[in-house]
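# Per-entry structural report
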Amino acid sequence: MSADILILLEHNAWANTRLVTLAESLPGDEPFHRAFPMGEGSLHSTLIHIAGAIIHWANRLADREPGESIEDQRFEINQLQVLFDSAHHSLETIIQQLIETNRLEEMMTHPSSPEPFTRRMAIHHVLTHSGHHRAQAINMFRHTLNTTDLPDTDVIEYAIFGQNDKG
């Protein structure tokens, strides 16, 4: 079952990279910050929210304080890939440690939940959370670029094409 987590983790990094690549193709800075009545309100805010949640949950899974949120910070498009790579590396490192020490079924808590849950569930949460917001970002890209010809970021696409195309 740990192998499934690792596949989803790699899919998550691959799919987020596809969005960063798409953001890098935007015609200027304005579309990146354009307001939308969905997601976190803009492509910038939605992508930063995805990265911020990965960082937050990596810290929680590692029994560290979540630290200061990055969501109020402004990032340039050319900073996104480094941000996502760092967030992914942090999450990947702690997941590997949890697998190696057989701690996936260990219970943990979060201030937003009155009930404890397993570390495995927290991992599933952060990975599905990213997918939810990626769908919102794709919709924003669709409106911004006025096209439906956008990259697919689902797990099957990754299984078929992504494992040989890490970006």
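Scroll up to find the structure this text is about.
Right, let's walk through the structure included here. (Residues numbered from 1 in each chain as written. Predicted model: local features only at pLDDT ≥ 70, side-chain atom pairs only at ≥ 80, totals over all residues. Heavy atoms only, no water.)

A word on the packing of helix H3 (residues 43-61) against helix H4 (residues 80-100). The packing of two helices is summarised by the inter-axis angle and the distance between the axes. Where H3 contacts H4, the axes come no closer than 9 Å and their chain directions differ by 25°. With respect to their mutual orientation, H3 and H4 come out roughly parallel. For H3 against H4, the interelement crossing comes out left-handed. Every residue of H4 that contacts H3 at Leu47, Ile48, Ile50, Ala51, Ile54, Ile55, Ala58 and Leu61 is listed here: Leu80, Leu83, Phe84, Ala87, His88, Ser90, Leu91, Ile94 and Leu98. Residues that form the contact of H3 with H4 fall into these classes: 15 nonpolar, 2 polar and no charged. (Axes fitted to C-alpha atoms, helices over the stretch in contact; angles between N-to-C directions. Helix = DSSP H or I, 4+ residues; strand = E, 2+ residues; numbered from the N terminus. Parallel < 35°, antiparallel > 145°, perpendicular 65-115°, else oblique. Left-handed = near helix turned anticlockwise from the far one by under 90°. Contact = heavy atoms within 4.5 Å. Nonpolar A, V, L, I, M, F, W, Y, C, P; charged D, E, K, R; others polar.)

Here the focus is unusual backbone geometry. Not every positive phi belongs to a glycine, and Asp63 is a case in point at roughly 60°. By secondary structure assignment, the location of Asp63 is in the loop between H3 and H4. On the basis of relative accessibility, which here comes to 53%, the residue Asp63 falls in the exposed class. Phi at Asn102 is positive, roughly 55°, even though this residue is not glycine. Mapping Asn102 onto the fold places it in the loop between H4 and strand E1 (107-110). Judged by its relative accessible area of 70%, Asn102 is exposed. (Buried < 20%, exposed > 50% of the residue type's maximum accessible area, 1.4 Å probe, protein only.)

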